[in-house]
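# Notes for the structure review
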Amino acid sequence: KKTIKPHAKAQDKRQTGKRRSQGNTMNADLLASMLGGGNTGGSSGNRPYEGKTIISMKAGKMEHTVQPNGKYLVSPTNRRGQINFIWKGNNSANSGMNAGNRGAGMLKFEWQDRRTKATSDELTIFPEDNLTFTKVNTGRDTDRVYLLQYPGGDGSRRFFYWMQDPIQDMDDDNCGKVSKYLR
């Protein structure tokens, strides 16, 4: 007669339950991909109609007010954010995005709160907009403030951001890439 220890039965049940839950997850992923939802784990790229993020950087928003002397007083908000430049091409095979060559599609800019995933400052960018993305000289070397600006004197078309990524070396590189895509 074979004796089975009580804890061995419990362990066997846990393993069977574990296998069952893994099977359910795999089936959900399979179903989502069959229905066009892609991988539910989020490791695959965006669906075609959502666009492709071509540049993404951690950045917080800043509020600005015009002072009596005509200069701007810029203050950071305490939200964690992210700037995304998204290329939304059409369905043709030749809708790739190259710097300086828009092809068939559009470039979108968005600022997204990293905690709530809420999107604001959502802009569609056209080549004739002549937008600029430049570093702001605040007088302090440690400040990492950038300005996305439409040409002209309209202050409502200025968007200030402060870089939140701990690696500062990428700031200049990202700014250069953004400038290429804005042309």
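As shown above, the structure is provided for reference.
Every chain is numbered independently, its residues counted from 1 as its sequence is written. The model is predicted, so local features are restricted to residues of pLDDT at least 70 and side-chain atom pairs to those at 80 or more, both for listing and for counting; the totals for chains, interfaces and linings are taken over all residues. Note: side-chain values were computed over all heavy atoms of the structure, leaving out hydrogens and water.

To qualify as a helix, a DSSP run of H or I must reach at least 4 residues; to qualify as a strand, a run of E must reach at least 2; elements of each kind are numbered from the N terminus. Expected span of a helix, by definition, is 1.5 Å for each gap between consecutive residues, and there is one gap fewer than residues. The end-to-end C-alpha distance of helix 2 (residues 170–182), which contains 13 residues, comes to 18 Å, matching closely the 18 Å that a straight helix rising 1.5 Å per residue would cover. Exposure classes here rest on a 1.4 Å probe applied to the protein chains alone. A residue is buried below 20% of its type maximum, exposed above 50%, and partly exposed in between. Of all the positions in helix 2, only D171, N174, C175, V178, Y181 and L182 are classed as buried. The arc enclosing the buried residues of helix 2, seen along the axis, measures out at 125°, which places them on a common side. Directions from the helix axis toward the C-beta atoms define the arc.

Moving on, we come to the nonpolar core. By nonpolar core is meant a set of buried Ala, Val, Leu, Ile, Met, Phe, Trp, Tyr and Cys residues that side-chain atoms within 4.5 Å join together. If you look at the biggest cluster of nonpolar residues, it comprises 23 residues, and the most contacted ones within it are I83, F85, F109, F133, L148, Y161 and L182. At the level of secondary structure, the elements contributing two or more residues to this core comprise strand 1 (52–66), strand 3 (81–89), strand 4 (105–113), strand 5 (119–125), strand 7 (145–149), strand 8 (158–163) and helix 2. By residue number, the principal contributor to this core is helix 2, which donates four residues. By the convention used here, residues are in contact when the closest approach between their heavy atoms is within 4.5 Å. When neighbours within four sequence positions are excluded, F109 is seen to be in contact with I83, N84, F85, D121, E122, L123, I125, L148 and Y161.

Our next topic: unusual backbone geometry. Excluding glycine, a negative phi dihedral is what most residues carry, and trans is how most peptide bonds are arranged. One non-glycine residue, D121, lies in the positive phi region at around 50°. Relative to the assigned elements, D121 resides in strand 5. With a relative accessible area of 19%, D121 lands in the buried category.

Our next topic: the pairing of strand 3. Pairing geometry for strand 1 and strand 3, over six bridges, is antiparallel. Bridging across to strand 3, K52 finds its partner in W87. In short, DSSP must find at least two bridges between two strands for them to pair. Where strand 3 lies against strand 4, nine bridges are found, and the strand directions are antiparallel. Across the sheet, residue I86 finds its bridge partner in strand 4, namely K108.

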